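One-letter residues, chain by chain:
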Amino acid sequence: MDLSRLRVVLSGSTVMKYIFIFVFLLNIRSWPLGWHIRIWRPAVWLRVRHLFVKLRSSIYSKDKSQKIEDKWFESVSQLGGNPLDVTSHYKTWASLDDSDFNGHLSNSSYAKTLDAARFKAAIELFPLLFRETAWIPLAGSYFHFIREIPMLASYEVRSRVAGWDSKWFYIVHRFVSKSKKGDRNKKQIKQTPRPTVLPSLRTVSGPEETSANDTPVDSMPETSTEAALKSVANIIAAVEPDGAILHTIAVSQLCFKFGRITIPPSIAFAVNGLTGVESSPNPPPHWGKVRELAAKEAGGSRKKMADFLKGGWRNVPEDERWWEQAFADIAERNAANLQEVEQVKEG
């Protein structure tokens, strides 16, 4: 082989090498362990912070070290927060490997992104629950696609608890992006108020229209299909309070487990410092009961809390169930939200 041909071969192999590296970098988020890194990142970060706390407190006695650790877990909890108002934010972007041939985020990528957003929300809302090795299985996901997310665009998933019953709790996830300057539809979008949780399929606010015989349209009988179409029209015009554009609404149905035992959502919320008491102090009124179970200086222990979560709560008389009393003030709001969630589940 002469020297000129050798140069061509070497040059070609160099080009192929760079092409391979370029393709690899474009699809790096879909390579092995890419999904796991995105999912476990908030949990690992919490573990690292916890490890540093344990290392700093190791110079003290066992009792004082435990008190420092208990205080730290209280500091990373949502003490005094309303579970229906606390929002978790997960920011990401529509990478090439997450997009389809139409140039926007593929339908399957919404579910993949939701895994990470849901896990981040769980870590932020329920750190004390994970401390006791409880877990949160997913029972179902429901999506309502409104407008596409373009390839390479940045977007955010805003997750908020919608409601709960004696077993299940539901999280509403809103896929949003910041509206661009000069958006022609921005003024029109801002005129329509954002639904509080989910768009109602029963009632839609808007200007009253009249039919050919001067009868108001809103007072005429309406089929379920017509009501749904009007509702969809209302969704499309909705934005977040900060002006972010809504792309997709998703609902996750979950429950809390300790081993194979189901923990009522109100207990999981209460032991993490969440409350429904209006203008609640920080910590909330029921926090003393939680500390009696979990904090060493209040007579609690890890074992005592674990026994309570494993079913010990059943032995508490109904009129003394502080975890239910903690959310009595938002019972009506919770029930109304559950009705909205059920409409999405039933299509």
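Residues numbered from 1 in each chain as written. Predicted model: local features only at pLDDT ≥ 70, side-chain atom pairs only at ≥ 80, totals over all residues. Heavy atoms only, no water.

A. Expanded view of the overall build of the chain. Scanning the chain for helices and strands turns up 12 helices and seven strands. The buried share of the chain, taken over its 347 residues, is 44%. A fraction of 76% describes how many contacts in the chain between residues 6 or more apart in sequence connect residues 24 or more apart. Here the chain has roughly 19600 Å² of accessible surface; of this, 58% comes from carbon and sulfur atoms. (Helix = DSSP H or I, 4+ residues; strand = E, 2+ residues; numbered from the N terminus. Buried < 20%, exposed > 50% of the residue type's maximum accessible area, 1.4 Å probe, protein only. Contact = heavy atoms within 4.5 Å. Areas by Shrake-Rupley, 256 points an atom, 1.4 Å probe, with all protein chains shown as cover.)

B. A look at the side chain of asparagine 82. As for its position among the elements, asparagine 82 is in the loop between helix H3 (62-75) and strand E1 (87-93). Accessibility expressed as a relative area gives 17% for asparagine 82, which makes it buried. Not counting residues up to four positions away in its chain, the partners in contact with asparagine 82 are Thr275, Ile330 and Arg333.

C. Representation of the confidence of the model for the chain. Across the chain, the average pLDDT comes to 81, with 79% of residues at 70 or higher. Helix H8 (residues 265-271) holds the highest mean pLDDT among the elements of the chain, 96, whereas helix H6 (residues 186-190) holds the lowest, 40. Counted against residues more than four places away or in other chains, residues 184-196, with its pLDDT under 50, gives 19 contacts. pLDDT under 50 marks residues 199-220. Its contacts with residues more than four places away, or in other chains, come to 33 contacts. (pLDDT = per-residue confidence, 0-100.)

D. The arrangement of the pattern of salt bridges in detail. Tallied over the entire structure, the rule returns 16 salt bridges. When the shortest N-O distance is used, the salt bridge between arginine 118 and aspartate 115 registers 2.7 Å. With arginine 118 and aspartate 115 both in helix H4 (residues 107-125) and three residues apart, the pair spans about one turn of that helix. Arginine 118 sits in the buried class, given a relative accessible area of 10%. Given the relative accessible area of 26%, aspartate 115 is considered partly exposed. Of the charged contacts in the structure, one is a salt bridge between arginine 291 and glutamate 297, with a shortest N-O distance of 2.4 Å. (Salt bridge = Lys/Arg side-chain N within 4 Å of Asp/Glu carboxyl O.)

E. Representation of the packing of helix H2 (residues 34-57) against H4 in the model. Direction vectors running N to C along H2 and H4 enclose 5°, while the axes themselves pass 9 Å from each other. With respect to their mutual orientation, H2 and H4 come out roughly parallel. Contacts between H2 and H4 involve Trp35, Arg38, Ile39, Trp40, Pro42, Ala43 and Leu46 on the former and, on the latter, Lys112, Asp115, Ala116, Phe119, Lys120 and Ile123. Along the lines of polarity and charge, the residues of the contact of H2 with H4 split into nine nonpolar, no polar and four charged. (Axes fitted to C-alpha atoms, helices over the stretch in contact; angles between N-to-C directions. Parallel < 35°, antiparallel > 145°, perpendicular 65-115°, else oblique. Nonpolar A, V, L, I, M, F, W, Y, C, P; charged D, E, K, R; others polar.)

F. Broad picture of the environment of arginine 56. You can see arginine 56 is positioned in helix H2. Placed 12 residues apart in sequence, arginine 56 and isoleucine 68 show a C-alpha to C-alpha distance of 9.4 Å.

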